[in-house]
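Results of the structural survey
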Amino acid sequence: MATDEDYVRDAIDISRLAVEHGNTPFGSLLVVDDSVVRTAENTTRTDDDIAAHPEFKLARWAASELEASERESCVMYTSTEPCPMCASAIVYAGLGRVVYSVSVDSLAALREDSVIEIPCEEVIERSGGSTTVEGPVLEDEGLTVHEAFY
Ligand SMILES: [Zn+2]
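Rules behind the numbers
Each residue is numbered by its place in its chain's sequence as written, counting from 1. In keeping with the model being predicted, local features are shown solely for residues with a pLDDT of at least 70 and side-chain atom pairs are shown and tallied solely at 80 or more, while totals for entire chains, interfaces and linings include all residues. Computation of side-chain values covers all heavy atoms of the structure but excludes hydrogens and water. Each metal site is built from N, O and S donor atoms within 2.8 Å (3.2 Å for Na, K and Ca), and since water is not included, such sites may look incomplete. Per the convention used, a helix needs a DSSP run of H or I reaching at least four residues, while a strand needs a run of E reaching at least two, with both numbered from the N terminus. Relative accessibility thresholds used throughout: buried, under 20% of the residue-type maximum; exposed, over 50%; partly exposed, between the two (1.4 Å probe, protein chains only). Think of a nonpolar core as a cluster: buried Ala, Val, Leu, Ile, Met, Phe, Trp, Tyr and Cys residues, connected wherever their side-chain atoms sit within 4.5 Å. Between two residues, a contact is recorded if the distance between any of their heavy atoms is within 4.5 Å.

Moving on, we come to the coordination of the zinc ion. Around the zinc ion, the protein supplies H53 (ND1), C83 (SG) and C86 (SG) as donor atoms, at distances of 2.0 to 2.3 Å. Linear spacing of the donor residues for the zinc ion on their chain is H-x29-C-x2-C. Taken together, the residues span a long stretch of sequence, with H53 in the loop between β2 (35-41) and α2 (54-65) and C83 in the loop between β3 (75-80) and α4 (84-93) at a distance of 30 residues. For C83, a relative accessible area of 21% corresponds to the partly exposed category.

Below, the structure is given as structure tokens:
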């Protein structure tokens, strides 16, 4: 059985692919019953779409394609802590758990452009959502991708 760290590494690998494909370094995946049901990488640049964050795409997909019980047991692994837009989508989709590598504070420390520094957990709590949030996990590994990019 794969561990949280294994899946976080997979998300970090996907964030590298996003860069290779001309986008910013963010990648995510969804796991239900210990199997990966969907992956997504950031495509904000190639799609010219500010909402093309991987977590947002996965939350939309889960809300549309998974049963409520599957969403409750669903875990989103993501290379960086979800932004407030994505955290809201995660609440609307009713995902059970989120595990991230790089925290929003660590990302903001690296980037010159604007990062909305509201922790994912705070958005979920204030939304009345029941998603549990864990991280940072393997943050040094996740940060290497950001450090190479920004
Ligand atoms: Zn986002």
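There's plenty left to go through after this.
A few words now on the nonpolar core. Counting residues in each nonpolar core, the largest one holds 18 residues, and the members touching the most others are L30, A62, L66, C74, M76, I90 and L95. When contributions to this core are tallied by element, the ones reaching two or more residues are β1 (27-32), α2 and α4. Broken down by element, the residue count for this core peaks at five residues, all from α2. When near neighbours in sequence (up to four residues on either side) are disregarded, L66 contacts V32, W61, R71 and C74. If you look at the next biggest cluster of nonpolar residues, it comprises 13 residues, including I14, V31, Y77 and V99.

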